[in-house]
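Fold and contact review
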Amino acid sequence: MTVYGNFPGSRPRRLRTTSTMRRMVAETRLDAAHLILPAFVREGIDAPVAISTMPGVQQHTLDTLRKAAVDAVSAGVSGIMLFGVPADEKKDARGTAGTDPDGILQVALRAVREEVGDDLVVMSDLCLDEFTDHGHCGVLTGDGRVDNDATLERYAEMAQVQADAGAHVVGPSGMMDGQVGVIRDALDQTGHEDVSILAYTVKYASAFYGPFREAVGSSLTGDRKTYQQDPANSRESLRELALDLEEGADMVMVKPAGPYLDILAKVADAVDVPVAAYQISGEYAMVEAAAEKGWIDRDAAIMESLLGIRRAGAQMILTYWATEAAQRLSAGR
């Protein structure tokens, strides 16, 4: 081969020659501390129930939830986000089980705090959809629309009972206008100034939520397009972000993660508060289904997808693989 001068003068491949070299020059790091485990706890069961659309994920009993929390701590995971699944007969139009101090989510919060104390950041989903018989994230008007301001009153109540039950962080996910400000006021007025708000700032009306509906036993018919964001819109996300920060959000989230990495990057570039992303049920299910078919390398796909979310700017990733991925990272795999 004829070589002309120094051609090629630059050889980026030199920095890819060994695994140690690649690790040394890596621009993005993924650590167990970046991970948060979403977990479902169901009322009235004496054994965990498998979620058919999310292989490997289950609706927990209180006992298995405690174990999952301990396992997460042992793996180095930073947080756990709890979702309550009430008995069907306890659902009603106002989601009153969500504000019952003895409702399943509040009982679960107390159980996890009792088990792990402050070794895990205990977070609670603050939304009515799991608890309403219509499956929407708020109170409905007579003609079936979600009443934003009436819903805020319910969110204020939820924030108080979740904080009383031991939540370090509440995660308002309903996409109601003004929700962060109302929740902040409710927490501060009841002596919970130290409870943080992880705002679901950017939450799109996504087809990828499908398996989650089974996970929480959703009663929803129809969709949530009148309050969750339109996937066509990008600038709208920054408007939502500005409002949440003005109202007192301590951390902000983009959900889903994978289909919206461009939005995640914009949010991360725009703020100086911690940014989270939620790798949701459909993202999880697609990898598991393709791996089951033998079409992809499951373990490699999991780690690559998480690294991509980190690279886009997330400091925290909610993922159903949190404990597994943390264990793999600790083992250097």
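Being a predicted model, the structure only gives us computed values, none of them experimental.

1. Overview of helix 4 (residues 148–165)
Since there are 3.6 residues in each turn of an α-helix, residues three or four apart along the chain are aligned in direction. In a regular helix each residue adds 1.5 Å, so 18 residues correspond to 26 Å; helix 4 covers 26 Å between its end C-alpha atoms and thus fits that length. The set of residues buried in helix 4 consists of Thr-151, Leu-152, Arg-154, Tyr-155, Ala-156, Met-158, Ala-159, Val-161, Gln-162, Ala-163 and Ala-165. Turning to helix 4, the residues buried within the fold contact helix 3 (104–116), strand 5 (121–126), strand 6 (169–172) and helix 5 (179–189). One side-chain oxygen at the N-terminal end of helix 4 lies 3.3 Å from the backbone nitrogen of Asp-149; it belongs to Asp-147. Backbone geometry just after helix 4 places Gly-166 at a positive phi near 115°.

2. Some details on the packing of helix 2 (residues 62–75) against helix 11 (residues 322–330)
Closest axis-to-axis distance for the helix 2/helix 11 pair is 9 Å, and the angle between their directions is 25°. Regarding the angle of helix 2 to helix 11, the classification is roughly parallel. Along this stretch, helix 2 crosses helix 11, giving a crossing that reads as left-handed. Between helix 2 and helix 11, the contacting residues are Asp-71, Ala-72 and Ala-75 on the first element and Thr-323, Ala-326, Gln-327 and Ser-330 on the second. Here the residues of the contact of helix 2 with helix 11 sort into three nonpolar, three polar and one charged.

Cut-offs applied
- Residues numbered from 1 in each chain as written.
- Predicted model: local features only at pLDDT ≥ 70, side-chain atom pairs only at ≥ 80, totals over all residues.
- Heavy atoms only, no water.
- Helix = DSSP H or I, 4+ residues; strand = E, 2+ residues; numbered from the N terminus.
- Expected span 1.5 Å × (residues − 1).
- Buried < 20%, exposed > 50% of the residue type's maximum accessible area, 1.4 Å probe, protein only.
- Contact = heavy atoms within 4.5 Å.
- Polar contact = N/O pair within 3.5 Å; in protein donor to acceptor, adjacent residues only side chain to side chain.
- Axes fitted to C-alpha atoms, helices over the stretch in contact; angles between N-to-C directions.
- Parallel < 35°, antiparallel > 145°, perpendicular 65-115°, else oblique.
- Left-handed = near helix turned anticlockwise from the far one by under 90°.
- Nonpolar A, V, L, I, M, F, W, Y, C, P; charged D, E, K, R; others polar.

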